[in-house]
Amino acid sequence: MTLGVTLSSTSRQLPVDHTVQLAREAYVAGLHSAWFGQTFAYDSPSLAAIVGREVPGLHVGTSAIPVFGRHPLLVSSQAQTAQAATGGRYHLGLALGTRHLTETAFGLPYERPIGLLREFLTALRPLLETGEADFHGELLTATTPYPAAVPGATPVPVLVAAMGPQALRVSGELADGVLPFLAGPRALERDIVPAVTAAAEAAGRPAPRIVALVPGVVTADAEGVREKAAEALALYERIPSYRRAIELSGADGAAGVAAIGDEETVAAEVRRYREAGATEVVFTATDLGGEEDRRRTWKLLGELSRG
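Residues numbered from 1 in each chain as written. Predicted model: local features only at pLDDT ≥ 70, side-chain atom pairs only at ≥ 80, totals over all residues. Heavy atoms only, no water.

### Concerning the packing of aromatic side chains
In this structure the tally under the stated criterion is 5 aromatic pairs. Here the aromatic rings of Phe68 and Tyr110 are separated by 4.9 Å at their centres, their planes lie at 35 degrees, and the arrangement is tilted. Of this pair, Phe68 sits in the loop between β4 (65-66) and α3 (72-86) while Tyr110 sits in the loop between α4 (99-106) and α5 (113-130), and the two are 42 residues apart along the sequence. Pair check on accessibility: Phe68 and Tyr110 agree, each one buried. Ring centres of Tyr236 and Tyr242 lie 4.9 Å apart, and the angle between their planes is 75 degrees; on these two criteria the pair is classed as edge-to-face. (Phe/Tyr/Trp six-rings, centres within 6.5 Å; stacked < 30°, edge-to-face > 60°. Helix = DSSP H or I, 4+ residues; strand = E, 2+ residues; numbered from the N terminus. Buried < 20%, exposed > 50% of the residue type's maximum accessible area, 1.4 Å probe, protein only.)

Structure follows, in structure tokens:
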């Protein structure tokens with residue numbers, strides 16, 4: 001099982017040069033991957049391409065780009081460019097997004113999200129594999145009057161931030177894996193892994209990747225950091241898909257899913273995710289306890305990754 005971290009800050013946007021510096025630190029620590037959230041500031045595939053180019057050997061990914069307000073042709077161009085720039089170390093993460101952000105930011109009705117996800121993936125796969133598409137669906141059209149393949153780009157792995165039954169089914173059928181966030185080991189083992197695996201098997205696809213995103217900090221002040229986690233993650237408790245994942249995990253709130261404590265405690269949590277079916281674990285919010293705790297967290301994850 002590989003281990004990675006997100007390089008998004010919980011409190012601020014970081015300059016590009018600082019992000020590259022952190023990525024180098026992560027790679028030296030022994031981590032396998034660095035991931036970037038998609039906000040309204042940095043374009044995550046572009047940032048991933050820069051970081052992956054500057055830090056050879058480090059895998060980079062986006063977690064995750066909402067399908068509302070995007071088009072498969074444009075996302076394919078972004079992903080293939082990042083893949084070519086990094087020599088095949090880029091991983092594309094997609095998401096359904098939320099009703100509030102979709103309707104507020106884009107002025108688009110948040111309607112038929114599962115149908116849009118299915119059509120988006122159906123159009124995107126041939127674009128990433130062959131540079132061509134001829135898809136005419138109910139919700140979108142994607143055709144290539146000109147070739148859309150990027151020289152030097154290998155097929156891009158596609159993952160979906162799916163946690164609900166319908167999204168998991170579509171992801172198992174059409175994607176390479178899933179990126180569940182705030183879904184603890186119990187939710188993974190009982191609900192997420194079986195559902196997406198069964199869908200992949202039924203579609204004749206390989207076993208899906210399960211990339212679990214986990215808030216986590218190695219710290220001597222577990223109580224204090226957990227209070228900060230409760231504040232930083234509270235907004236997710238108001239989003240139905242995350243609230244459901246938290247409940248399925250047996251936690252009272254988002255902070256209850258976080259891996260917080262000393263090295264032994266956090267290492268035990270990582271093992272629980274692996275035993276629950278995670279193929280990869282990516283720690284988020286590692287800066288909640290400050291720089292010293294972040295470095296301590298990355299050191300442990302690097303040791304676990306090498307071990």
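Alright, that's what it looks like, and here's the rest.
### Considering the side chain of Gln38
Relative to the helices and strands, Gln38 resides in the loop between β2 (33-36) and α2 (44-54). Within the structure, the side chain of Gln38 is placed 3.2 Å from the backbone oxygen of Tyr42, a separation counted as a polar contact. There is a polar contact of 2.7 Å between the side chain of Gln38 and the side chain of Ser44. Once residues within four sequence positions are removed from consideration, Gln38 is found in contact with Asp43, Ser44, Pro45, Ser63, Ala64, Ile65, Pro66 and Arg70. (Polar contact = N/O pair within 3.5 Å; in protein donor to acceptor, adjacent residues only side chain to side chain. Contact = heavy atoms within 4.5 Å.)

### A few points about helix α8 (residues 222-233)
End to end, α8 covers 16 Å across 12 residues, agreeing with the expected 16 Å (1.5 Å per residue, within 8%). Taken together, the buried positions of α8 are Gly224, Val225, Ala229 and Leu233. Viewed along the axis of α8, the buried residues span an arc of 155 degrees, placing them on a single side of the element. In α8, the exposed residues that point more than 90 degrees away from the buried face are Glu223, Glu227 and Glu231. Where α8 is buried, its residues meet β10 (209-218), β11 (259-261) and α11 (291-306). (Expected span 1.5 Å × (residues − 1). Arc of directions from axis to C-beta.)

### Some details on the nonpolar core
By size, the foremost hydrophobic cluster in this structure holds 96 residues, and its most contacted members are Leu92, Leu94, Leu188 and Phe283. Top element by residues in this core is α5. It accounts for 8 residues. Ignoring sequence-local partners within four residues, the contact set of Phe283 consists of Gly4, Val5, Thr6, Val214, Gly216, Val217, Ala259, Val266, Val270, Thr297 and Leu301. (Core = buried A, V, L, I, M, F, W, Y, C linked by side-chain atoms within 4.5 Å.)

### Thoughts on the pattern of salt bridges
Applying the stated criterion to the full structure yields 15 salt bridges. For Arg272, the salt bridge identified is with Glu269, shortest N-O distance 3.0 Å. Here the residue Arg272 and the residue Glu269 both occupy positions in helix α10 (residues 263-276), the gap between them amounting to 3 residues, near one helical turn. Here Arg272 falls in the partly exposed class, since its relative accessible area comes to 40%. Residue classification places Glu269 among the buried positions, given a relative accessible area of 18%. Here the salt bridges share partners, and the residues they tie into one network are Glu25, Glu291, Arg294 and Arg295. (Salt bridge = Lys/Arg side-chain N within 4 Å of Asp/Glu carboxyl O.)

### Some points on empty space enclosed by the protein
Per the stated rule, a full pass over the model turns up 1 cavity of 30 Å³ or more. What the largest cavity holds in volume is close to 30 Å³. When residues of the lining of the largest cavity are traced back to their parent elements, those giving at least two are α7 (185-202) and α9 (240-248). Broken down by element, the residue count for the lining of the largest cavity peaks at 4 residues, all from α9. Across the lining of the largest cavity, the residue classes tally to 6 nonpolar, 1 polar and 1 charged. (1 Å grid on protein atoms, 1.4 Å probe; cavity = no way out; pocket = protein on both sides within 12 Å on 5 of 7 lines; lining within 4 Å. Points joined across faces, edges and corners; volume = space filled by probe spheres on them. Nonpolar A, V, L, I, M, F, W, Y, C, P; charged D, E, K, R; others polar.)

### Focus on unusual backbone geometry
Omega for the peptide link from Ser63 to Ala64 comes to 0 degrees, which places this bond in the cis form. Among the secondary structure elements, Ala64 is positioned in the loop between β3 (59-62) and β4. In the Ramachandran plot, Arg112 falls in the positive-phi region, its phi being about 50 degrees despite a non-glycine side chain. In the Ramachandran plot, Ala285 falls in the positive-phi region, its phi being about 55 degrees despite a non-glycine side chain.

Keep in mind that these numbers describe shape and distance, not what the molecule does.
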